[in-house]
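# Observations on the three-dimensional arrangement
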Amino acid sequence: MPTTITNLLPASGKGFFDTRRYTRVADRLLKELGAFEYGLSVVLVDDQRIQALNRQYRNRDSTTNVLSFPFNEGAQAALAGLPVQELGDIFISLETAAREAQTLGCSVRQRVSWLLVHGLLHLLGYDHERSSEDHRIMAEKEQELLSRINDRRGNIMTRLAINVDHIATIRQARGISEPDPVAAAAICELAGAAGIVVHLREDRRHIQDRDVFLLRETIKTKMNLEMGANEEIIKIALEVGPDLVTLVPEKRQELTTEGGLDLLAQKEKIGKVIDTMQSSAIPVSLFLDPEPKQIAAAAELGATFVELHTGRYADAATDQEQDEEFLLLESAADYALSLGLRVNAGHGLNYQNAADIAALEAVEELSIGHAIIARAALSGLEKAVRDMREIVETAVFDL
Ligand code: PXP
């Protein structure tokens, strides 16, 4: 049951706080504590409100940083049998948290995460005020939880692979030779991309056979060839020998890949492609919606990777819908890892939504195309205009 975070700060303070980030921190904490099926309410308040609560419920007329109110405390015994499992409420004063962050030399975000951990442990019965031994136990538990949620990825950084299809889209719009995705791939690598992705579509609407063969020669990192399970393309893939083949469903009429593969409907066909590729030492990734049945089928078929389709997450119309899709992706990624699959993710990721997916422990690599090429077009436009102005405005008739 996801955490609900209520922001009761006065209007001037509200905008400062990314409540959804803390919903995710709190949800992760609940998972770490094995209490994910419990509801938790976190209320963000100012000093005035937390002082009033402190006065009313604890007889202490002073501000404080965090107050926890367990749901079952003092409740009738009958409540314990309720089907609703609620841990209780945590109130956090953001004003105090910000002051403490300054004194401690940490970020407000780090301080609030600590306060969340502290408040949650109080709800679970830990109490540092009971004795010095309780103080030690609670402090140790706090440290352990904080390092678990902070270090879930360890030192392993998520890699960024760039899809350069849309450089080819611009080229194909004119049917000439530029911009060249081969040159674009080299620039992406210079900027630190960990891999280059291209989708050789049956209709050759952007990437051409020539691109794929040349890219095989020029890519210094990893070449990920996206493709439908189509005989003609399979032949090309075997000839090219990419570092990874990502199988995607492909429909001629679609604007872009619209959904994940339905493995249950085409186990045999996909299984054969995996075997063919693997016998040429080409590992296969399957592009899947975050659905456990599909992931289990991918493991059964012997895929090396799954690439989780982040499109529904990226296109979600509301925050709530996006949070739901995020949870599906998170558990699908963990599930895939638990079955021995390696995990990539992509589609529709942009500068606003990529970080949360990149932070998932199980995800090794993101494949991002459109958002990066779109930003390149706009961020490079000013220089492109200046360069052309220079030519046009300094031109003289030269005899
Ligand atoms: N992954 C797969 C399997 C895709 O088909 C695409 C789109 O070509 C991407 C990632 C990249 O998506 P986007 O261009 O939206 O970043």
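What you are looking at is a predicted structure, and each value in this text was computed from that prediction instead of being measured.

Here the focus is the environment of Arg216. Along the chain, Arg216 turns up in helix H9 (residues 209–218). Note: C-alpha distance between Arg216 and Tyr22 (194 residues apart in sequence) is 43 Å. Setting aside residues up to four positions removed in sequence, Arg216 forms contacts with Met223, Val240, Gly241, Pro242 and Asp243. Polar contacts involving the side chain of Arg216 include one to the main-chain carbonyl oxygen of Gly241, which spans 2.7 Å.

Looking now at the sheet that holds strand E12 (residues 363–368). Strand order in the closed barrel made by the eight strands is E5-E6-E7-E8-E9-E10-E11-E12, with parallel pairing throughout. Here the average twist between neighbouring strands, direction ignored, is 25 degrees.

What follows concerns the site of the ligand. Around the ligand, the structure places 15 residues, and the nearest of them are Glu226, Glu307, Gly348, Gly369 and His370. Here Asn163 contributes a side-chain N or O atom positioned 3.3 Å from an oxygen atom of the ligand. A distance of 2.8 Å separates an oxygen atom of the ligand from a polar atom in the backbone of Gly369. Computed on the free molecule, the ligand has an accessible area of 400 Å², of which 94% lies beneath the protein chains in the complex.

It is worth spelling out the packing of helix H2 (residues 19–32) against helix H14 (residues 319–338) at this point. Look at H2 against H14: their axes get within 12 Å of each other, and the N-to-C directions meet at 35 degrees. Crossing of H2 over H14 shows right-handed handedness. Residue-level inspection shows Arg20, Arg24, Asp27, Arg28 and Lys31 of H2 in contact with H14, the latter providing Asp319, Gln322, Asp323, Phe326, Leu327, Glu330 and Asp334. Across the contact of H2 with H14, the residue classes break down as two nonpolar, one polar and nine charged.

Our next topic: a nonpolar patch on the surface. On the surface, Leu378, Leu381 and Val385 cluster together to form a nonpolar patch covering roughly 300 Å² of accessible area. Accessibility expressed as a relative area gives 46% for Leu381, which makes it partly exposed.

The next thing to look at is the pairing of strand E11 (residues 342–346). With four of five residues buried, E11 lies mostly within the body of the structure. Judged from the five bridges that link them, strand E10 (residues 305–309) and E11 form a sheet pairing that is parallel. Residue pairing for E11: Phe305 is matched across the bridge by Arg342.

Right, let's get into the nonpolar core. As a rule of thumb, nonpolar side chains are buried together in soluble globular proteins. One finds Met227, Leu247, Leu263, Met277, Leu286 and Leu308 to be the most contacted residues of the largest nonpolar core, which totals 63 residues. Apart from the residues within four sequence positions on either side, Leu263 is in contact with Ile270, Leu286, Leu288, Gln294, Ala297, Ala298 and Leu301. In terms of nonpolar packing, the next biggest core, distinct from the first, is built from 29 residues, Leu30, Ala35, Val112 and Met138 among them.

Moving on, we get to the pairing of strand E2 (residues 39–45). Most of E2 is tucked away, with seven of its seven residues classed as buried. Side chains Gly39, Ser41, Val43 and Val45 of E2 all project onto a buried face; the interleaved residues Leu40, Val42 and Leu44 project onto the opposite face, where all are buried too. Pairing geometry for strand E1 (residues 4–7) and E2, over four bridges, is parallel. What sits directly across from Ile5, in E2, is Val42. Summarising the sheet, E2 and strand E4 (residues 86–93) pair through seven bridges and their orientation is parallel. Paired with Val42 across the strands is Ile90, a residue of E4.

Pairing is mixed in the open sheet, where four strands are placed in the order E1-E2-E4-E3. Strands with a single pairing partner mark the edges of an open sheet, and in this sheet they are E1 and strand E3 (66–70). In this sheet, neighbouring strand axes are inclined to one another by 15 degrees on average, regardless of whether the strands run parallel or antiparallel. Pairing analysis gives five bridges linking E3 to E4, with the strands arranged antiparallel. Residue pairing across strands places Val66 opposite Ile92, the latter belonging to E4. On top of the sheet, helix H3 (residues 47–58) reaches E2, E3 and E4; it is set at about 45 degrees to E3, its chief contact. Contacts from helix H5 (residues 108–123) reach E2, E3 and E4 within the one sheet, and its direction differs from that of E4 by about 140 degrees.

Analysis parameters
- Residues numbered from 1 in each chain as written.
- Predicted model: local features only at pLDDT ≥ 70, side-chain atom pairs only at ≥ 80, totals over all residues.
- Heavy atoms only, no water.
- Helix = DSSP H or I, 4+ residues; strand = E, 2+ residues; numbered from the N terminus.
- Contact = heavy atoms within 4.5 Å.
- Polar contact = N/O pair within 3.5 Å; in protein donor to acceptor, adjacent residues only side chain to side chain.
- Pairing = 2+ DSSP bridges.
- Axes fitted to C-alpha atoms, helices over the stretch in contact; angles between N-to-C directions.
- Near = heavy atom within 4 Å.
- Areas by Shrake-Rupley, 256 points an atom, 1.4 Å probe, with all protein chains shown as cover.
- Left-handed = near helix turned anticlockwise from the far one by under 90°.
- Nonpolar A, V, L, I, M, F, W, Y, C, P; charged D, E, K, R; others polar.
- Patch = residues over 30% accessible without salt bridge, like charges linked within 9 Å, V, L, I, M, F, W, Y side chains within 5 Å.
- Salt bridge = Lys/Arg side-chain N within 4 Å of Asp/Glu carboxyl O.
- Buried < 20%, exposed > 50% of the residue type's maximum accessible area, 1.4 Å probe, protein only.
- Core = buried A, V, L, I, M, F, W, Y, C linked by side-chain atoms within 4.5 Å.

Shape descriptors only; they carry no functional weight alone.
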